[in-house]
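Close look at the chain arrangement
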Amino acid sequence: MERNPTIKNYELQEIAMGLTFVGGFMDAYTFIQRGGVMAAGQTGNVIFIMSDLVDGHWGNVFIKLMTMLLFMVGISVTNVMNYKLQPTKLHWRVIPLVLEIIVCIVVGFIPTSASNLLVTPPLAFVMAMQISAFTHIDGRTYNSTFMTGNIRNMVNGFTRGIVANSSDDMSKGVTYTKIVVSFVIGALASALIQKVVAIRSIWIAAVILGLILAYYWFIVRKR
């Protein structure tokens, strides 16, 4: 397939769609299997914290706060990596993918009887690295775990495309539709697979991430 030379390797649609699938998969996994916490959806965690505070569930509050803290640390670490490694020839975006795969594999071995403090904060850390390392699709900003902005961009694209008869805006709407659908399919697949293999369903996410990593590295070497 002929690639637009102005599109960077990490901005390719297939990579963005794969990561967004994982984003939906992961939040559905932690919410259903790991105590109703969002590994990536921190807006939801803020709401859940307020509910737990009112009900006096202090242990749940602490886990969610640690999840949010590790999420922020993950963003910070990725920014440092970008600043320090971007000028070098090292393709540093493989590091967050590798770490995410490792964490997913380890989490699949942690039983539900163990504290979710061992699960959701580490997952939040690597999910934050994912969204901080992979920020664009075909030159447009997107988020692989938060759909509000993506849905807004999808609707804006189609609306402006129709009103102004703009093919570029219509293309934008189609691009963000792919992202939103990928997230929905990821969350649905996660919920269905969890009914069969429960906590070990996260290994499916590790497999998908492994395929993304292999494809990304192939494209990097090829281009």
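Numbers given for residues are sequential positions, taken from 1 along each chain in its written order. Given that this is a predicted model, residues contribute local features only at a pLDDT of at least 70 and side-chain atom pairs are listed and counted only at 80 or more, while totals for whole chains, interfaces and linings are drawn from all residues. No hydrogens and no water enter the side-chain calculation; it runs on all heavy atoms of the structure.

It is worth spelling out the overall build of the protein chain at this point. Numbering of helices and strands runs from the N terminus, with a helix taken as a DSSP run of H or I at least four residues long and a strand as a DSSP run of E at least two residues long. When its secondary structure is counted, the protein chain shows 8 helices and 2 strands. What you see in the protein chain, going N to C, is helices and strands ordered as α-α-α-α-α-β-β-α-α-α. Along the first, second and third principal axes, the C-alpha set of the protein chain runs to 55 × 45 × 35 Å. Only protein chains enter the accessibility calculation, which uses a 1.4 Å probe; a residue whose area is less than 20% of its type maximum is buried, one above 50% is exposed, and one in between is partly exposed. Within the span of the protein chain, comprising 223 residues, buried residues form 48% of the whole. Note on areas: Shrake-Rupley with a 1.4 Å probe; residue coverage comes only from the protein chains shown. Carbon and sulfur atoms form 69% of the exposed surface of the protein chain, whose accessible area is close to 11,100 Å². Asp and Glu are treated as the negative residues and Lys and Arg as the positive ones, with His and the ends of the chain left uncounted. Just so you know, the charge point we use is NZ for Lys, CZ for Arg, CG for Asp and CD for Glu. Side chains of the protein chain give 17 positive and 10 negative charges; the mean places of these two sets differ by 6 Å.

Values of pLDDT, the confidence the predictor places in each residue, fall between 0 and 100. The predicted model of the protein chain has a mean per-residue pLDDT of 90, with 96% of residues at 70 or higher. Here helix α2 (residues 42–55) is the element of the protein chain with the lowest mean pLDDT, 86, and helix α4 (residues 94–107) is the one with the highest, 96.

What follows is about the environment of Thr141. When you line up the elements, Thr141 lands in strand β2 (residues 140–141). Its relative accessible area of 48% is what places Thr141 among the partly exposed residues. When the C-alpha positions of Thr141 and Glu11 are compared, they lie 9.1 Å apart, and in sequence the two are 130 residues distant. Contacts are residue-level and defined by heavy atoms, with any inter-residue pair within 4.5 Å sufficient. Excluding anything up to four places from it in sequence, Thr141 contacts Thr135, His136, Asn153 and Tyr176.

Each pair of aromatic rings taken from Phe, Tyr and Trp, with Trp reduced to its six-membered ring, is defined by centres within 6.5 Å and is described as stacked if the planes are under 30 degrees apart, edge-to-face if over 60, and tilted in the remaining cases. Tallied over the entire structure, the rule returns 6 aromatic pairs. On the basis of an interplanar angle of 35° and a centroid distance of 6.0 Å, the ring pair of Phe31 and Phe48 is categorised as tilted. Residue Phe31 is located in helix α1 (residues 13–33), and its partner Phe48 is located in helix α2; the two are separated by 17 residues in the primary sequence. With a centroid separation of 5.9 Å and an interplanar angle of 80°, the aromatic rings of Phe134 and Tyr216 are classed as edge-to-face. Here the residue Phe134 occupies a position in the loop between α5 (120–133) and β1 (136–137), and Tyr216 occupies one in helix α8 (residues 202–222), the gap between them amounting to 82 residues. Residue class for Phe134 comes out buried when judged on its relative accessible area of 1%. Take Tyr216: its relative accessible area is 4%, and that puts it in the buried class. Through a chain of ring-to-ring contacts, the aromatic side chains of Tyr10, Phe134 and Tyr216 assemble into a single cluster. Over the ring of Tyr10 we find Arg93, and its NZ or CZ is 3.6 Å from the ring centre. Put simply, a charge is over a ring when the Lys NZ or the Arg CZ is close to the ring centre, within 6 Å, and near the line of the ring normal, within 35 degrees.

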